[in-house]
Amino acid sequence: MDTAPEESSKEGSLGDRATTAPPSDASWLDAMLRSSVLRHKHFRNVWIASIVSNIGNWMEMMGVQMTVAKATGSLTSLGYFAAAQLAPILVLGLLGGIVSDRVNRRRLLVFTQMLLMIVALGLTILSYTGGEHLNQLVPEKVPGGEHRGLIAGMFLLSLVQGIVMAFNIPAWQVLTPRLVPRDELTRAITLNGIQFNLARVIGPALAGYALHLWGPTPVFALNSVTFLAIVIAVWFTPDAPAPANPPTHPWTQITQAFGFIFNNRGPLAVFIAMVLMSFLAAPLIRMLPLVVIDVLGVSEEASDGVTGMLMSMLGVGAVAAGIGMRFVPSWYPKHHFIPLALFGAGASITFFSMTTTMPLAIASMILVGVFWILGFNPVWAAMQHLVPDSMRGRVLSVANVAAFGANALGNIAAGWIGDALSKVLGSRAVGTSFAEGSLSILLTIAGLIMIFYRVPEIDGLTPEHPEYKPRRSLIAGVLATAHRPRTGDPTTLAK
């Protein structure tokens, strides 16, 4: 499965690998820390700072979504806002990957995080002023009515944020592999997923409460401050100069990245799974405010808290699943696990789209969260394992361009379907539910197909390998019986 030696395997140079067993009288917390990937100091510092920063990010996203949903009442508008953030990544993502493979990665990450903090400050100022001074510059046909200046200003800031993210994301994705050893990379990525979803539990809940009491401006201001945590943590990580690449033309580098993905069955299968999850599952997040108002029948006054609570429930399910992943047997292969996760994500979102009562909505959203992290994290971890470090920025940028582009298109498609059906059927509730469920049903079908037509190359297996046995059977796809150990030794758990 290893394709090339990586800088991340040189853990000794970081000086924080635990090389001795914990003392016999150590507390259980100390013992757990020493056995965890969090024992690596720099990874631990970034992980903690990321929780703080992501709580702020989730609060900001809640504030923007609720503002747009209340001002426009349009699924299409929510879709366009998502596209404003994601479209620049589609256009500039490949350039961002090339840059991350040619410059100091630590400095690039710090610089882009500071730019994102400036954008967050701009959003705070815009919210405080209400955008009324922009109304005369914005055509009346722009959604939002008397708030159209605010909506247009938020849209432009979202666009700027997307441009910065096109360079931030490649720099961020090459951070973790240089802070932990290669054999702990999957655990580190899973732990990152846990902290991201832990922030999803806290951030939307806090945002819902704050929005109800004080409005969006304090929420945006708090997010601006949280960027300092990640800037400081990243600045004190080991330096990360650009890899020693031969001086090739940028277009040649892009071609190499595309060739790596599309000429290898393993990376290609992982790439397809990324695109499917982004296009068919991710729109749920952007549509949630209008699901709460239109489908669950919550008043606009109470919608902030309910939307935040449901977003938190998704995070609860994701955190629980992330913790539970350590109990997945180490022999259970990724090329079985990923299709099952896609199937589960599609089925759980479809179930949520059919709920009309709050108890069912809460239960189904927790279930969505379980498959959310199982559908996204193992896919990206698999690609991190398959790609050599010298190409990491470029290859992951190609994946980012496709995933974020698919996300943007999925949000626009869901918004268009929902608004169009609402007009035809005369019911916003039915239109919103169908827009959400139509995409997730396709994801369920895609996951089922991938269970039958598995790709062992995801785990680095070749046709010559004794465990390369892609039997076209649903039972074999779920149980992975061809890979189950038969030596009589007890099953080991995934590290």
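That block above? That's the structure.
Below: a short report on this structure. All values derive from a computational prediction rather than experimental measurement. (Residues numbered from 1 in each chain as written. Predicted model: local features only at pLDDT ≥ 70, side-chain atom pairs only at ≥ 80, totals over all residues. Heavy atoms only, no water.)

## Re the overall build of the protein chain
Counting its secondary structure elements, the protein chain contains 16 helices and 0 strands. Every one of the 495 residues in the protein chain was classed for burial, and the buried ones make up 56%. Look at the contacts in the protein chain between residues 6 or more apart in sequence, and 83% of them connect residues 24 or more apart. As displayed, the protein chain has an accessible area near 21000 Å², and 69% of this comes from carbon and sulfur atoms. (Helix = DSSP H or I, 4+ residues; strand = E, 2+ residues; numbered from the N terminus. Buried < 20%, exposed > 50% of the residue type's maximum accessible area, 1.4 Å probe, protein only. Contact = heavy atoms within 4.5 Å. Areas by Shrake-Rupley, 256 points an atom, 1.4 Å probe, with all protein chains shown as cover.)

## Structural notes on the nonpolar core
Phe43, Met365 and Trp372 are the most contacted members of the largest nonpolar core, which has 115 residues in total. When residues in this core are grouped by element, the largest group, 14 residues, is from helix H2 (residues 41-72). Setting aside anything within four residues of it in sequence, one finds phenylalanine 43 in contact with Val37, Leu38, Thr176, Leu179, Val180, Ala188, Leu191 and Asn192. (Core = buried A, V, L, I, M, F, W, Y, C linked by side-chain atoms within 4.5 Å.)

## Some points on unusual backbone geometry
Trans peptide bonds make up most of the peptide bonds, and negative phi angles are found at most residues other than glycine. Phi at alanine 480 is positive, roughly 55°, even though this residue is not glycine. By the element assignment, alanine 480 lies in the segment after helix H16 (474-479). What makes alanine 480 buried here is its relative accessible area of 0%.

## Quick look at the environment of leucine 396
If you trace the backbone, leucine 396 turns up in helix H14 (residues 392-425). Sequence separation between leucine 396 and phenylalanine 271 is 125 residues; the distance between their C-alpha atoms is 9.8 Å. In contact with leucine 396, not counting residues within four places along its chain, are Gln173, Trp380, Met383 and Gln384.

## A closer look at the environment of leucine 191
Looking at the element boundaries, leucine 191 is found in helix H6 (residues 185-214). Distance in space between the C-alpha atoms of leucine 191 and glycine 322 is 7.3 Å, their sequence separation being 131 residues. Non-local contacts of leucine 191, meaning those with residues more than four positions away in its chain, are made with Val37, Leu38, Phe43 and Trp47.

## Let's talk about the pattern of salt bridges
If you walk through the whole model with that rule in mind, you get 6 salt bridges. Residues aspartate 304 and lysine 70 are paired through a salt bridge, measuring 2.9 Å at the closest nitrogen-oxygen approach. Taken together, the residues aspartate 304 in helix H11 (residues 300-324) and lysine 70 in helix H2 connect sequence positions 234 residues apart. The partly exposed category is assigned to lysine 70, whose relative accessible area is 31%. For arginine 106, the salt bridge is made with aspartate 239, and the minimal N-O distance between the two is 3.6 Å. With arginine 106 in helix H4 (residues 105-129) and aspartate 239 in the loop between helix H7 (216-235) and helix H8 (250-262), this residue pair connects regions lying 133 residues apart in the sequence. For arginine 106, a relative accessible area of 13% puts it in the buried group. Overall, aspartate 239 belongs to the partly exposed group, its relative accessible area being 42%. Connected via shared salt-bridge partners are Arg39, Glu184 and Arg187. (Salt bridge = Lys/Arg side-chain N within 4 Å of Asp/Glu carboxyl O.)

## What about the packing of aromatic side chains?
Summed over all chains, the structure comprises 8 aromatic pairs. Between phenylalanine 81 and phenylalanine 155, the aromatic rings sit 5.7 Å apart at their centres with planes inclined by 85°, giving edge-to-face as the arrangement. With phenylalanine 81 in helix H3 (residues 75-100) and phenylalanine 155 in helix H5 (residues 148-173), this pair connects stretches of sequence that are 74 residues apart. Under the relative-accessibility criterion, phenylalanine 81 is labelled buried at 6%. The exposure class assigned to phenylalanine 155 is partly exposed, which follows from its relative accessible area of 32%. On the basis of an interplanar angle of 80° and a centroid distance of 6.4 Å, the ring pair of tyrosine 332 and phenylalanine 337 is categorised as edge-to-face. Joined through ring pairs, the aromatic side chains of Phe258, Phe262 and Phe271 make up one cluster. In this structure, arginine 106 packs its charged tip against the face of tryptophan 235, placed 4.9 Å from the ring centre. (Phe/Tyr/Trp six-rings, centres within 6.5 Å; stacked < 30°, edge-to-face > 60°. Lys NZ or Arg CZ within 6 Å of the ring centre and 35° of its normal.)

## A word on the packing of H2 against H5
Where H2 contacts H5, the axes come no closer than 12 Å and their chain directions differ by 150°. It follows from the interaxial angle that H2 and H5 lie roughly antiparallel. The crossing of H2 and H5 is left-handed. Each of Val46, Ser50, Glu60, Thr67, Val68 and Ala71 in H2 lies in contact with H5, whose residues at this interface are Leu150, Ile151, Met154, Gln161 and Trp172. Across the contact of H2 with H5, the residue classes tally to 7 nonpolar, 3 polar and 1 charged. (Axes fitted to C-alpha atoms, helices over the stretch in contact; angles between N-to-C directions. Parallel < 35°, antiparallel > 145°, perpendicular 65-115°, else oblique. Left-handed = near helix turned anticlockwise from the far one by under 90°. Nonpolar A, V, L, I, M, F, W, Y, C, P; charged D, E, K, R; others polar.)

## Some details on a nonpolar patch on the surface
On the surface, a cluster of nonpolar side chains totalling about 480 Å² of accessible area is made up of Phe343, Leu448, Leu474, Ile475, Val478 and Leu479. Among the elements that line the nonpolar patch, the one with the most residues is H16, at 4 residues. Structurally, the position occupied by valine 478 is in helix H16. Judged by relative accessible area, which is 36%, valine 478 ranks as partly exposed. (Patch = residues over 30% accessible without salt bridge, like charges linked within 9 Å, V, L, I, M, F, W, Y side chains within 5 Å.)

## Thoughts on the side chain of serine 438
By the element assignment, serine 438 lies in helix H15 (residues 428-452). A distance of 3.2 Å separates a polar atom in the side chain of serine 438 from the backbone oxygen of alanine 435. (Polar contact = N/O pair within 3.5 Å; in protein donor to acceptor, adjacent residues only side chain to side chain.)

## Describing H3
Since the α-helix packs 3.6 residues into each turn, any two residues three or four apart lie on the same face. With 26 residues, H3 extends 35 Å between its outermost C-alpha atoms, agreeing within 8% with the 38 Å of an ideal straight helix rising 1.5 Å per residue. The sharpest bend along H3 comes to roughly 60°, located at leucine 92. (Expected span 1.5 Å × (residues − 1). Bend = angle between axes of the 7 residues up to and from the residue.)

## So, the side chain of glutamate 457
As for its placement among the helices and strands, glutamate 457 is situated in the loop between H15 and H16. Engagement of the side chain of glutamate 457 in a polar contact is seen with the side chain of arginine 265, the distance being 3.1 Å. Filtering out sequence-adjacent residues up to four positions away, glutamate 457 remains in contact with Arg265, Gly266, Leu386, Pro463 and Tyr468.

## Quick notes on the packing of H8 against helix H9 (residues 265-280)
Running from amino to carboxyl end, H8 crosses H9 at an angle of 95°, the nearest separation of the two axes being 6 Å. Classified by the angle their axes make, H8 and H9 are roughly perpendicular. Counted together, Phe260, Ile261 and Phe262 of H8 and Pro267, Leu268 and Phe271 of H9 form the full contact between these two elements. Grouping the amino acids of the contact of H8 with H9 by side-chain chemistry returns 6 nonpolar, no polar and no charged.

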